Protein chains: 4
Amino acid sequence: MASVNKVILIGNLGKDPEVRHLEGGVAVARFPIATSETFKDKQGQRQERTEWHNIVLWRGLAEVAEKYLKKGNPVYIEGRLRTNNYQDKDGIQRYSTEIVADQMTMLGSRSDNGNGGGGNYQESSGSNSGANYSTSAPAGGNSGGASSFQNDEPDDLPF
Amino acid sequence: MASVNKVILIGNLGKDPEVRHLEGGVAVARFPIATSETFKDKQGQRQERTEWHNIVLWRGLAEVAEKYLKKGNPVYIEGRLRTNNYQDKDGIQRYSTEIVADQMTMLGSRSDNGNGGGGNYQESSGSNSGANYSTSAPAGGNSGGASSFQNDEPDDLPF
Amino acid sequence: MASVNKVILIGNLGKDPEVRHLEGGVAVARFPIATSETFKDKQGQRQERTEWHNIVLWRGLAEVAEKYLKKGNPVYIEGRLRTNNYQDKDGIQRYSTEIVADQMTMLGSRSDNGNGGGGNYQESSGSNSGANYSTSAPAGGNSGGASSFQNDEPDDLPF
Amino acid sequence: MASVNKVILIGNLGKDPEVRHLEGGVAVARFPIATSETFKDKQGQRQERTEWHNIVLWRGLAEVAEKYLKKGNPVYIEGRLRTNNYQDKDGIQRYSTEIVADQMTMLGSRSDNGNGGGGNYQESSGSNSGANYSTSAPAGGNSGGASSFQNDEPDDLPF
DNA sequence: TTTT
DNA sequence: TTTT
């Protein structure tokens, strides 16, 4: 059966994004976000548990993160789970689970992030590859242009 | 095949909640929230379209809404779609689609909603009915107690 | 604050898709899907309530629906809520809420839909407009090519 | 800001569930599910990548899994991410990310899972603890009774 | 108007 | 280790 792999998170950045610009101009950003839940333990005491999530953004989303996101900012992230395995420096097999973002929305008011209180950003999809990705999400600057939505349909159709 | 009916919204209240207290002490709150998306029209002009969603909350969630939510506040709502049909005053059959909330999270900073920047609230579930619902989400006041999470499992199990 | 408008449904088609091919080659498909939930009423009797959702798909998704979906088939739909208002033939203002699909996944085994048990399909996004949309989701036929995922990133990067 | 931690998966069980019954009668079930996505590599070749997710279910959900789920079965899982760290037998610090399920829906037709094609199951929530949890999700058998929904509201209210 |  |  076909499958679905979707994650939806709202949390705050634990660090500023780390951004790498790969050969070919592709950007990758990474940062952790925290979510926390409170619950009562057996003694009825309120407890809090914080969960940390490793977020990865590519291309346009990475560039938006680089420009606008800072430690502490609240974000909405929609993406998919991905577990990588690798050998650490001691040759030990390790696993690392991250969330590859498809969509990122900046939450919070002006005072939270100094950017006017929000914006939606989205991974490109379809067969866009390398070169022409820059069309749908300009590599060189997102001066408004990257706030694109997935609104492809003609908006003035007669129904 | 079994089914899923889930809605996830982040938006701002268009009005203060309207709250009714039914006989039996059950509370119901209703308010609209707006989401907006921007897109480019055929002329490449940036356009915005706002969508309005009718939110319905029951019991504990309704009481939280009554106490803490105001017009303009940003919220995260998770719920399910429900379309009611009814006859209006002229006897005309009409349809109305609303989102019945299962979970509500107040977003925004202190300055947004004057309540300290957030809180998660959740519908009770299971076979709780009438009387003992009040245990899991007291009808008479949610002074902290309603910030319950769905953390049922013992937290100190050995794995 | 930026907003989110997301719907996730799993249900069965109540009818075969109705597909229109607009001038310009754009396809639009519509069909209802049913979700149902069971609950116990006050007398402890098991009750079932069925909800009907109006699904709209555009372009490539519409073409996939046209080719592969039939009444009764189970589908996973991810999309956004949209409420249209219009005047009916008697000049009465009416509202209609539909789910505009961004993603569609056919569920069920071979015996359910006669197509091999699944497939993921996704709306294109970004600033693709008119002409070059056909690249990412060919208008003239989805012979396998429309099973595209939102996997844009190079897959062999060193991390 | 308040947070959200939500995962939605549709996939197939890689193994039969492993179920433990803890002292106190609490059940825990674990199993991996696979999701897969296809994409085109740089050479335009269709590639498939499978992701494995560790699912954990508690109490009633665990018991349903024990009774009805088998290797290969398709399921819908809704839950939250949780990363545990622990020392392995060599004293090495390791991390393991799992999805703690809040909701589980069996997908597939009769032929897929031999149980009649579906059913929705849900974690209890609220302040149910120990003893009275068994009310909402009987430990001793889910003979139909566990198919509970989160439908708490009176269903015959005048709106 | 679906599915169980 | 699943499914197609």
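Rules of the game
- Residues numbered from 1 in each chain as written.
- Chains lettered and ligands numbered in written order.
- Predicted model: local features only at pLDDT ≥ 70, side-chain atom pairs only at ≥ 80, totals over all residues.
- Heavy atoms only, no water.
- UniProt positions renumbered as here; feature names shortened; annotations may be inferred.
- Helix = DSSP H or I, 4+ residues; strand = E, 2+ residues; numbered from the N terminus.
- Buried < 20%, exposed > 50% of the residue type's maximum accessible area, 1.4 Å probe, protein only.
- Areas by Shrake-Rupley, 256 points an atom, 1.4 Å probe, with all protein chains shown as cover.
- Salt bridge = Lys/Arg side-chain N within 4 Å of Asp/Glu carboxyl O.
- Pairing = 2+ DSSP bridges.
- Contact = heavy atoms within 4.5 Å.
- pLDDT = per-residue confidence, 0-100.
- Polar contact = N/O pair within 3.5 Å; in protein donor to acceptor, adjacent residues only side chain to side chain.

- Per an unreviewed UniProt entry, the recorded name for chain A is Single-stranded DNA-binding protein, and the organism is Pontibacter oryzae.
- The UniProt entry for chain A carries the following text under Subunit (unreviewed entry): "Homotetramer."

Observations regarding the overall build of chain A
- Looking only at helices and strands, chain A features three helices and seven strands.
- Going residue by residue from the N terminus, the α and β elements of chain A occur as β-β-β-β-α-β-β-α-β-α.
- Relative to its 159 residues, chain A shows a buried fraction of 59%.
- Of the roughly 6700 Å² of accessible surface on chain A, a fraction of 46% belongs to carbon and sulfur atoms.

Quick look at unusual backbone geometry
- If you check the backbone angles, arginine 59 of chain A has positive phi at about 50° while not being a glycine.
- Among the residues examined, arginine 59 of chain A registers a relative accessible area of 6% and is labelled buried.

Description of the pattern of salt bridges
- Evaluated as defined, the whole model comprises 32 salt bridges over all chains.
- For glutamate 98 of chain C, the salt bridge is made with arginine 30 of chain C, and the minimal N-O distance between the two is 2.9 Å. Taken together, the residues glutamate 98 of chain C in strand β6 (residues 93-106) and arginine 30 of chain C in strand β3 (residues 27-40) connect sequence positions 68 residues apart.
- A single salt-bridge network, built from bridges that share partners, covers Lys6 and Glu78 of chain A together with Lys6 and Glu78 of chain C.

Topic: the pairing of strand β4 (residues 46-58) of chain D
Residues and elements named next belong to chain D.
- Examined bridge by bridge, strand β3 (residues 27-40) and β4 share 13 bridges and lie antiparallel to one another. Across the sheet, residue valine 28 finds its bridge partner in β4, namely tryptophan 58.
- Linking two consecutive strands that pair antiparallel, namely β3 and β4, is a turn of five residues; a positive phi of about 80° is found at glycine 44 within it.

Let's talk about the environment of glycine 72 of chain D
Residues and elements named next belong to chain D.
- By the secondary structure assignment, glycine 72 is in the loop between α1 (59-68) and β5 (74-87).
- Distance in space between the C-alpha atoms of glycine 72 and isoleucine 99 is 18 Å, their sequence separation being 27 residues.
- Those residues in contact with glycine 72 that lie beyond four places of it in its chain are Asn12 and Leu13.

Regarding the pairing of strand β1 (residues 4-13) of chain B
- A large share of β1 of chain B lies buried, amounting to nine of its ten residues.
- Judged from the seven bridges that link them, β1 of chain B and strand β1 (residues 4-13) of chain C form a sheet pairing that is antiparallel. By the bridge assignment for β1 of chain C, isoleucine 10 of chain B is matched with valine 4 of chain C.
- Judged from the six bridges that link them, β1 of chain B and strand β5 (residues 74-87) of chain B form a sheet pairing that is antiparallel. Residue glycine 11 of chain B lies in a different strand from β5 of chain B, and its bridge partner there is valine 75 of chain B.
- In terms of strand pairing, β1 of chain B meets strand β3 (residues 27-40) of chain B through two bridges, oriented antiparallel. Residue pairing in the sheet places asparagine 12 of chain B in a bridge with alanine 34 of chain B of β3 of chain B.

Examining the environment of asparagine 12 of chain C
- Summarising the element assignment, asparagine 12 of chain C is placed in strand β1.
- Between the C-alpha atoms of asparagine 12 of chain C and threonine 35 of chain C, which are 23 residues apart in sequence, the distance is 7.2 Å.

Regarding the environment of isoleucine 10 of chain A
All names here are of chain A.
- Here isoleucine 10 lies in strand β1 (residues 4-13).
- Residue isoleucine 10 is classed as buried on the basis of its relative accessible area of 0%.
- Spatially, the C-alpha atoms of isoleucine 10 and glutamate 66 are 18 Å apart, while their sequence positions differ by 56 residues.

Focus on the confidence of the model for chain A
- Taken residue by residue, chain A gives an average pLDDT of 78. The fraction at 70 or more is 71%.
- Taken together, the stretch residues 126-159 of chain A has pLDDT below 50 and engages in 79 contacts with residues farther than four places along the chain or on a different chain.

Examining helix α1 (residues 59-68) of chain A
- Counting buried positions over the ten residues of α1 of chain A gives seven, a clear majority of the element.
- Along α1 of chain A, the residues that are buried comprise Arg59, Gly60, Leu61, Ala62, Glu63, Val64 and Ala65 of chain A.

Observations concerning the side chain of asparagine 120 of chain C
Residue and element names in this part refer to chain C.
- Its place among the elements puts asparagine 120 in strand β7 (residues 119-122).
- On the basis of relative accessible area, asparagine 120 is assigned to the buried category, the value being 6%.
- A distance of 2.7 Å separates a polar atom in the side chain of asparagine 120 from a polar atom in the side chain of threonine 105.

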